[in-house]
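Okay, here's what each chain looks like letter by letter:
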Amino acid sequence: MALRKVRLSDDPILRKKSKEIGEITDRINTLLDDMVETMKHEEGVGLAAPQVGVLRRAVVIDIGEGPVKIINPVIVDQEGEEIDVEGCLSVPGRSGTVKRPERVKINYKDIEGQEQVIEGTGLLARAICHEIDHLDGILYIDKMIEEIEIVEDEEDGEE
């Protein structure tokens, strides 16, 4: 496994639509492993292949329950609305509110090529939608309702 460079918002690759993955090869598995390692290193909850410069429909997500590797995700159902704060490894130092579905259901392939289904609510639903947007060349800042100022905690006791 290796760390990969996270592309930033001014990189044109982030605005392109990713291609479906036909065959799940060793290269795809290495990509997914590298994405998990990069996501953890950068302290993110999700990472899409375009964010590491690869225009393939692959994402990894870890909301604290262990990483999930998702290939060729397709949203098949969604309901509700929820506005909450998002950030992005490709847009460092910024965050803002975005409207997303409260619940989302996707079909995808796992690393064995088997069809799978994930249904998520809350943070998982938000992360899934955020990462699928990346596969279509959309950044959260395109959907941002209001930017939120990030305030760093000051050390206690300093004068």
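These numbers come from a predicted model, not from an experiment.

About the criteria used
Residues numbered from 1 in each chain as written. Predicted model: local features only at pLDDT ≥ 70, side-chain atom pairs only at ≥ 80, totals over all residues. Heavy atoms only, no water. Pairing = 2+ DSSP bridges. Helix = DSSP H or I, 4+ residues; strand = E, 2+ residues; numbered from the N terminus. Salt bridge = Lys/Arg side-chain N within 4 Å of Asp/Glu carboxyl O. Buried < 20%, exposed > 50% of the residue type's maximum accessible area, 1.4 Å probe, protein only. Axes fitted to C-alpha atoms, helices over the stretch in contact; angles between N-to-C directions. Contact = heavy atoms within 4.5 Å. Core = buried A, V, L, I, M, F, W, Y, C linked by side-chain atoms within 4.5 Å.

*Asks:* Hey, could you go over the pairing of strand β6 (residues 103-109) for me, with residue numbers and the actual values?
*Replies:* In this sheet, β6 lies alongside strand β3 (residues 68-79) in antiparallel orientation, the contact comprising six bridges. Paired with I75 across the bridge in β6 is I106. Sheet analysis places β6 next to strand β7 (residues 115-121), joined by seven bridges and oriented antiparallel. Note that in β7 the partner of I106 across the bridge is I118. The antiparallel hairpin formed by β6 and β7 contains five residues in its connecting segment, where G113 sits at a positive phi of about 85 degrees.

*Asks:* Hey, could you go over the pattern of salt bridges for me, with residue numbers and the actual values?
*Replies:* The final tally for this structure, using the stated rule, is 15 salt bridges. A salt bridge links R7 to D11, with the shortest nitrogen-to-oxygen separation between them at 3.0 Å. A salt bridge links R103 to E79; the nearest nitrogen and oxygen atoms lie 3.3 Å apart. Of this pair, R103 sits in strand β6 while E79 is found in strand β3, placing the two residues 24 residues apart along the sequence. What makes R103 buried here is its relative accessible area of 12%.

*Asks:* Kindly report on the sheet that holds β6, identifying the contributing residues and their values.
*Replies:* Ordered in space as β1-β2-β3-β6-β7, the five strands form an open sheet in which the pairing is antiparallel. The sheet is open, and its two edges are formed by β1 (46-48) and β7, each paired on a single side. Neighbour to neighbour, the strand axes of the sheet diverge by 40 degrees on average, direction disregarded. Together, β1, β2 (58-61) and β3 form the strand contacts of helix α1 (residues 26-41), whose direction differs from that of β2 by roughly 35 degrees. Its contacts with the sheet place helix α2 (residues 122-135) against β1, β2, β3, β6 and β7, and it is angled at close to 120 degrees to β7.

*Asks:* Requested: an account of the environment of V117, with residues and values cited.
*Replies:* Among the secondary structure elements, V117 is positioned in strand β7. V117 gets classed as partly exposed once you look at its relative accessible area, which sits at 49%. Sequence spacing of V117 and Q78 is 39 residues, and the spatial spacing of their C-alpha atoms is 13 Å.

*Asks:* Which residues make up the nonpolar core, and what values go with them?
*Replies:* Counting residues in hydrophobic clusters, the biggest one holds 15 residues, and the most contacted among them are I61, I70, V104, I106, I118 and I128. Residue assignment for this core shows that the elements contributing at least two residues are β2, β6 and α2. When residues of this core are assigned to their parent elements, the largest contribution, seven residues, is made by α2. Beyond its immediate stretch of four places on either side in the chain, I61 contacts M39, V45, G46, G66, P67, V68, I70, L124, A127, I128 and E131. Core analysis: the second largest hydrophobic core is formed by 13 residues, I21, L31, M35 and A58 among them.

*Asks:* Account for the pairing of strand β5 (residues 91-100), naming residues and giving values.
*Replies:* For strand β4 (residues 82-88) and β5, the ladder comprises six bridges, and the chain directions are antiparallel. Residue E82 lies in a different strand from β5, and its bridge partner there is R100. Following β4, the chain reverses through two residues before pairing antiparallel with β5. Two elements, β5 and strand β8 (residues 146-148), share three bridges in a ladder whose sense is antiparallel. Bridge assignment links S95 to a residue of β8, and that residue is I148.

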